[in-house]
Amino acid sequence: MFSHEHDRAASPLPHYDSANSAKKATTSEVDLHDVEDGHSGGPIGALPIPPVDRRKGGLHRALSARQVSMIAIAGTIGTGLFLGTGRSLAQGGPASMLICYSLVGFIVYVTLLLLGEMATQYPVAGSFNAYATRFFSPSYGFALSWNYWFNDAVSVASDLTAAQLVLQYWTTWHTWVISLIFWVLLVTVNAIHVRAYGELEYWLASLKVITVVVFIILGIVVNVGGNQEHHYIGGENWRIPGAPFVGGFGGFARVFVTASFAYGGTESLGITAGETKNPSRNMPRVVKFVFWRILLFYILSILLMGLNVPYTYPRLSNKQTTTSPFTIVFQMAGSTVAGSFMNTVILTSVLSAGNHALFAGTRVLYGLATTTPPQAPAFFGHTTRSGVPVLALLATSSVSILCFGSSFIGSGALWSWLQNIVGVSNQIAWLSIGLASWKFRRAWIRQGRPLSEMKFRARWTWPWGPYFVVVAVAVIIIIQGWSSVIPEFSAVDFVSFYIEIPVMIFMYLVWMLLVHPKPSSAPRTVSSDAGAEPVEPPQQKVAIWRRVWRRIAYNDSVDIRTVDLRRDEHEEEPEDLLDDQKREAKLKGKWGWFWKVYYAVV
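Residues numbered from 1 in each chain as written. Predicted model: local features only at pLDDT ≥ 70, side-chain atom pairs only at ≥ 80, totals over all residues. Heavy atoms only, no water.

### Digging into the overall build of the chain
Right, so step 1: When helices and strands are counted, the chain shows 21 helices and zero strands.
Right, so step 2: Here the analysis covers contacts within the chain between residues at least 6 apart in sequence; of these, 83% occur between residues at least 24 apart.
Right, so step 3: Entry remark: accessible area of the chain is about 25,300 Å², with carbon and sulfur atoms responsible for 66%. (Helix = DSSP H or I, 4+ residues; strand = E, 2+ residues; numbered from the N terminus. Contact = heavy atoms within 4.5 Å. Areas by Shrake-Rupley, 256 points an atom, 1.4 Å probe, with all protein chains shown as cover.)

Structure, rendered in structure tokens:
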């Protein structure tokens, strides 16, 4: 997969001055696979790529760094942390949960840095889907985009189903009603303006962050004896029969998909790039700071859950319901009132996660409709005067009807299946970011552009970052379905773990065989006389079997020699420069220390 026909070298790599290695590419930073033979060619637009939304009626750049930072947190700290951890604890035990969430967290952090490099350089609608189309393969980008749109649409259904699970803490009467109310609210907010979405998400995310901080403090107090029984818990729950690894290797592997579901949403940082103010400055700040906060929240919270809540806790995770470890710890600390308060916060977090998924899915479908050539019906690219792609919004929200299937198969079982599908889709997205970054970095070096021209560069991930992400995620995708095969085959679980893979392959082949995307290089011409009009060379008859074979064996991999690295680069605008000047003035002023803390936190 890492070697393609179109990657033949155009010309010898330029020599970089080793004395200026900070600004030039050194030998160690060049992919050795690029040293190949071939012919020369300039950096032209080799393939159709998604446009920047600068046209009249397009998306609006109205999200601030404050909102983008909280959007990333809101998209990650949601049902995966508040409810999914209960399932992880019941299926894998405290040690499996801690190890898997830590490993996936590191993989996602590296992935986020790779995405940040591309999103800062090219802040376009569609994010990593657009980068996969532009730098890796148009057919793969098509399949990935539709897969990720379905992922976001199913995520909305998953969050609305999670709302039913949370509501069962108080009552089991027609829980689908709360899903309907939330659906109407989410569609209404997203149809108003991107600022309305950003503000709602900011305050809901702030509430979740405060809740997690309170939980961490309370979890420590409960563990050392500040509980209703005044009993020191310590590491007792790691030593009960079956713990700390529950279900053996199968239980351990199964936690990977729930961890991937939980961390899903960080990649939407790139999706917000198309509507972020001053992306050249704000995207790097968000990328560098936000994931450390997320990782800190997750690891500490999961450690305290494993210490305080036994994996055998009744109703922690079953076919009908799932109980949040957060609610359990709050109950241990006080009373049912404390548990009800925590459950209310979880309900708002479900609303926040659904809001985030609906926004992201709408923007992905909008990007599909506005790319060149279009990969979705053009009417999905229509926006209102306030910059909202309303038809894409309605299409994305319509998939949420899945959540009402809980009346027939049980909310717990339905949410478990939806969680598997979304988790695997998140993994495919991370793997695709690695593939796009791999080709993007190779193209940058091959075309001789100095690294100093990159608006953001994760230095410590060169050159191993993309390879690590692709290999690590591929291994996780393969092994996480272990428990669906061994010791007993479960068709439903197996399908929920792996259905995304054949769907991706099918859509890739359909787009490549039917559309047959080609590089946009000019055809060679011949002329009979000087000054005569260039004409196409005469076409030779080709046997039918050979034409069929050429179509089947066609490879639309992007040529790193000719992909245009300058198109869609963000150009600083007067508002961007003014924003930078205001920030620098604050940092250098009398209260500079306060603003440094503020920008680090917010």
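### Description of the pattern of salt bridges
Right, so step 1: For the structure on display, the rule yields five salt bridges.
Right, so step 2: The shortest N-O distance in the salt bridge between aspartate 493 and arginine 254 comes to 3.4 Å. You can see aspartate 493 sitting in helix H17 (residues 491–498) and its partner arginine 254 sitting in helix H8 (residues 248–263), a full 239 residues away along the chain.
Right, so step 3: The class for aspartate 493 is buried, based on a relative accessible area of 17%.
Right, so step 4: Between arginine 566 and glutamate 453 there is a salt bridge, with its nearest N and O atoms 3.9 Å apart. Note that arginine 566 is positioned in the loop between helix H19 (544–552) and helix H20 (574–588) and glutamate 453 in the loop between helix H15 (411–446) and helix H16 (465–479), a separation of 113 residues in sequence. (Salt bridge = Lys/Arg side-chain N within 4 Å of Asp/Glu carboxyl O. Buried < 20%, exposed > 50% of the residue type's maximum accessible area, 1.4 Å probe, protein only.)

### A short note on the nonpolar core
Right, so step 1: Among the nonpolar cores identified, the biggest contains 129 residues, and Tyr101, Tyr131, Tyr140, Tyr263, Tyr298 and Phe326 are the most heavily contacted of them.
Right, so step 2: The element contributing the most residues to this core is H15, with 17 residues.
Right, so step 3: Aside from chain neighbours lying at most four places away, what touches tyrosine 140 is Ala132, Ile428, Leu431, Ser432, Leu435, Met504 and Tyr508.
Right, so step 4: Core analysis: the next-biggest nonpolar cluster, separate from the first, contains six residues, Tyr109, Leu113, Val287 and Phe456 among them. (Core = buried A, V, L, I, M, F, W, Y, C linked by side-chain atoms within 4.5 Å.)

### Quick look at the packing of helix H3 (residues 84–121) against H16
Right, so step 1: Where H3 contacts H16, the axes come no closer than 10 Å and their chain directions differ by 140 degrees. Between H3 and H16, the angle is such that the two are oblique. Handedness of the H3/H16 crossing: left-handed. Contacts from Val104, Phe106, Ile107, Val110, Thr111 and Leu114 in H3 reach Gly465, Pro466, Phe468, Val469, Ala472, Val473 and Ile476 in H16. (Axes fitted to C-alpha atoms, helices over the stretch in contact; angles between N-to-C directions. Parallel < 35°, antiparallel > 145°, perpendicular 65-115°, else oblique. Left-handed = near helix turned anticlockwise from the far one by under 90°.)

### Some words on helix H4 (residues 128–136)
Right, so step 1: Summarising burial for H4: nine of the nine residues are buried, a large majority.
Right, so step 2: Residues of H4 that are buried: Phe128, Asn129, Ala130, Tyr131, Ala132, Thr133, Arg134, Phe135 and Phe136.

### Focus: a nonpolar patch on the surface
Right, so step 1: Among the surface-exposed residues, Phe249, Trp482, Val485, Ile486, Phe489, Phe494, Val495, Ile499 and Val503 lie close enough to one another that they form a single nonpolar patch of about 760 Å² accessible area.
Right, so step 2: Judged by relative accessible area, phenylalanine 489 falls into the exposed class, the value being 52%. (Patch = residues over 30% accessible without salt bridge, like charges linked within 9 Å, V, L, I, M, F, W, Y side chains within 5 Å.)

### Here we look at the packing of H4 against helix H5 (residues 138–167)
Right, so step 1: Running from amino to carboxyl end, H4 crosses H5 at an angle of 170 degrees, the nearest separation of the two axes being 7 Å. By the criterion of interaxial angle, the relationship of H4 to H5 is roughly antiparallel. Taken as a pair, H4 and H5 cross one another with a handedness that is right-handed. Counted together, Phe128, Asn129, Ala132, Thr133 and Phe136 of H4 and Pro138, Tyr140, Gly141, Phe142, Leu144, Ser145 and Tyr148 of H5 form the full contact between these two elements.

### Some words on the packing of aromatic side chains
Right, so step 1: What the rule picks out here adds up to 24 aromatic pairs.
Right, so step 2: One aromatic cluster in this structure is built from Phe106, Tyr109, Trp460, Trp464 and Phe468.
Right, so step 3: Seen from the ring of tyrosine 122, arginine 134 lies directly overhead, with NZ or CZ sitting 4.3 Å from the centre.
Right, so step 4: Between the NZ or CZ atom of arginine 457 and the centre of the ring of tryptophan 462, over which it lies, the distance is 5.1 Å. (Phe/Tyr/Trp six-rings, centres within 6.5 Å; stacked < 30°, edge-to-face > 60°. Lys NZ or Arg CZ within 6 Å of the ring centre and 35° of its normal.)

### Points about helix H18 (residues 500–514)
Right, so step 1: Its 15 residues give H18 an end-to-end C-alpha distance of 21 Å, which sits within 8% of 21 Å, the value for a rise of 1.5 Å per residue.
Right, so step 2: Those residues of H18 lying buried are Glu500, Met504, Met507, Trp511 and Met512. Here the buried residues of H18 occupy an arc of 125 degrees about the axis, which is enough to place them on one side. Facing away from the buried side of H18 by more than 90 degrees, the exposed set consists of Phe506 and Leu514. (Expected span 1.5 Å × (residues − 1). Arc of directions from axis to C-beta.)

### Let's talk about the confidence of the model for the chain
Right, so step 1: Overall, the prediction assigns the chain a mean pLDDT of 75, with 73% of residues at 70 or greater.
Right, so step 2: Contacts from residues 1–57, a stretch scored under 50 in pLDDT, to residues over four places away or in other chains number 144 contacts.
Right, so step 3: Taken together, the stretch residues 519–532 has pLDDT below 50 and engages in 17 contacts with residues farther than four places along the chain or on a different chain. (pLDDT = per-residue confidence, 0-100.)

### A word on the environment of aspartate 580
Right, so step 1: Here aspartate 580 lies in helix H20.
Right, so step 2: Spatially, the C-alpha atom of aspartate 580 lies 9.8 Å from that of asparagine 282, the residues being 298 residues apart in sequence.

### Remarks on the environment of glycine 423
Right, so step 1: Its location among the elements puts glycine 423 in helix H15.
Right, so step 2: Sequence-distant contacts of glycine 423, defined by excluding residues within four places in its chain, comprise Val257, Ser260 and Phe261.

### Some details on the side chain of lysine 208
Right, so step 1: Tracing the chain through its elements places lysine 208 in helix H7 (residues 194–223).
Right, so step 2: Lysine 208 gets classed as buried once you look at its relative accessible area, which sits at 0%.
Right, so step 3: Only 3.1 Å separates the side chain of lysine 208 from the side chain of serine 352, close enough to count as a polar contact. (Polar contact = N/O pair within 3.5 Å; in protein donor to acceptor, adjacent residues only side chain to side chain.)

### Remarks on the environment of tyrosine 232
Right, so step 1: Turning to its location among the elements, tyrosine 232 is positioned in the loop between H7 and H8.
Right, so step 2: Classification of tyrosine 232 by relative accessible area gives exposed; the value is 52%.
Right, so step 3: Sequence separation of tyrosine 232 and valine 221 is 11 residues, and the distance between their C-alpha atoms is 9.6 Å.

### Some thoughts on unusual backbone geometry
Right, so step 1: The linkage connecting alanine 243 with the following residue, proline 244, adopts the cis geometry, with an omega of 0 degrees.
Right, so step 2: Of note, the amide linkage connecting tryptophan 462 to proline 463 takes the cis form, showing an omega dihedral of -5 degrees.

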